[in-house]
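Next come the chains, spelled out residue by residue.
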Amino acid sequence: MMREARRGGSSGAPRSVDVALLAGVSQKTVSRVFNDEPYVSAEARRRVLEAAEELGYRLNNAARALASGRTRSIGVVTLGTALYGPASLIMGVERAVRDTGYALRVVNTMEGDPDGIGGAIDSLLDQGVDGIVISEPIDDGQDGDLAVRLDVPVLVLGAPPLPVPRALAAGVGADLMARTATEHLLDLGHPTVHHLAGPRRWYSARDRTEGWRSALVENGRTVPAVVEGDWSAASGYAAGRELAGVGDMTAVFAANDDMAIGFIRALTEAGRRVPQDVSVVGFDDIPVAAYVSPPLTTVRQPFDVVAQEGIKRLVHTIENPQADPLPASEPPVDLVIRASTAPPPPQAPGGRRRRTAARPNAARHGPSLGGGPSAHD
């Protein structure tokens, strides 16, 4: 009956008063339901949601913004890159923000632009966003300039928090993951581990290098010189050509999977077998890592977990400005053991390494045989 009255009495988009009439509740109850406030019975909430669905009612976010002083939008500053790690993290952020009911505004920056982050933040603040996510893994030295401009909560992904009043950080802990990868190789019996690092301007590259170095130092091992790449398979290939002649090198930790794959290709061309002569560990667990030859042992990054927890903490800070921030949890460490790692070859008389036949190495995740398509070819 109320549905017919609505059709005959008014036109245009349904309003909250129409939902209240159809559900048999007050407008205040409708408001409480859509603002997820307490003190609404389960039955009343059900009737309101069913009435809203029947009428095709959509919450007027613009009106709510005027009433609350918030736009219910979150801005994201992200590096414009196709690299697997940053791209996967920003996809996780998009999904997490969508689940909160907030709108998302994204501004891309370019590597090497000294005004990129500052300009992106100014653009988002001009749009009235309630909070900002910075998925910008490069250190550009702008922290001090940003401190005076940022008056909304800020979540920094994969880097230390900014020096602003309401700053949060998530996605840190790459040093622990790198330490785990390095200790895996030491536990297999390798005397030390070489490191193929990412560019030093990237926080994640520095964290992974620190985790690798600390694992070697704490285990009393020699720390080889770092070889720096640029995250690409080509730079890993170049590093492999450079290090292939190092006869006592038996283990390598690469700061991402692409460089590890290029590195393995160079070793193979030089006649050094993986893992019989040299074990290699990557970082990220890109989709092709399980199908290269040999399947790559790597550290899987928890992109969705980091994004979901970070956005949850950011929204809590936006909506509860006087409350303490939610505590951060340690990111999980998932070492995916495949066929690219094995014990080192035994030493021949005189201390030189002796090549042996391939050693079996059971995989914990993904295919353990090299029969899948190869990223090398």
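For clarity, every value in this text was computed on a predicted model and none was experimentally measured. (Residues numbered from 1 in each chain as written. Predicted model: local features only at pLDDT ≥ 70, side-chain atom pairs only at ≥ 80, totals over all residues. Heavy atoms only, no water.)

Chemist: Is there a simple way to explain the packing of aromatic side chains in this structure?
Modeler: Ring pairs (aromatic) are described by centroid distance and by the angle formed between their planes. Under the criterion given, the structure shown has 3 aromatic pairs. On the numbers, 5.6 Å between centres and 75 degrees between planes, the contact of tryptophan 202 with tryptophan 231 is edge-to-face. Of this pair, tryptophan 202 sits in the loop between β6 (194–197) and α10 (203–218) while tryptophan 231 sits in the loop between β7 (227–228) and α11 (233–243); the two residues are 29 residues apart in sequence, bridging distant segments of the chain. Neither residue differs from the other here; tryptophan 202 and tryptophan 231 are each classed as buried. Measuring from centroid to centroid gives 6.3 Å for phenylalanine 253 and phenylalanine 283, while their planes differ by 55 degrees, and the two rings are tilted. (Phe/Tyr/Trp six-rings, centres within 6.5 Å; stacked < 30°, edge-to-face > 60°. Helix = DSSP H or I, 4+ residues; strand = E, 2+ residues; numbered from the N terminus. Buried < 20%, exposed > 50% of the residue type's maximum accessible area, 1.4 Å probe, protein only.)

Chemist: How should the sheet that holds strand β4 (residues 154–157) be read in this particular structure?
Modeler: Each strand in a sheet pairs with its neighbour through backbone hydrogen bonds, running either in the same direction (parallel) or in the opposite one (antiparallel). A sheet is described by the order of its strands in space; here 5 strands give the open sequence β2-β1-β3-β4-β5, paired in parallel fashion. With one partner strand each, in any of the chains shown, β2 (103–109) and β5 (167–170) form the two edges of the open sheet. Put simply, the sheet's adjacent strands are angled 20 degrees from each other on average, direction ignored. One ladder, built from 3 bridges, connects strand β3 (residues 131–135) with β4; its direction is parallel. (Pairing = 2+ DSSP bridges. Axes fitted to C-alpha atoms, helices over the stretch in contact; angles between N-to-C directions.)

Chemist: Would you mind showing me how to read the pairing of β2 here?
Modeler: For a regular strand, the rule is simple: side chains alternate between the two faces of the sheet. Summarising the sheet, strand β1 (residues 73–79) and β2 pair through 7 bridges and their orientation is parallel. Within the sheet, the bridge partner assigned to threonine 78 lies in β2 and is asparagine 108. Regarding topology, helix α6 (residues 84–100) serves as the crossover connection from β1 to the parallel β2, and that connection is right-handed. (Right-handed = clockwise from strand over helix to strand, strands pointing away.)

Chemist: Sorry if this is basic, but what is going on with the side chain of threonine 297 here?
Modeler: Along the chain, the position of threonine 297 falls in strand β10 (residues 297–300). Among the polar contacts made by the side chain of threonine 297, one reaches the main-chain amide nitrogen of arginine 338 at a distance of 2.8 Å. Of the polar contacts made by the side chain of threonine 297, one reaches the side chain of threonine 341; its length is 3.1 Å. (Polar contact = N/O pair within 3.5 Å; in protein donor to acceptor, adjacent residues only side chain to side chain.)

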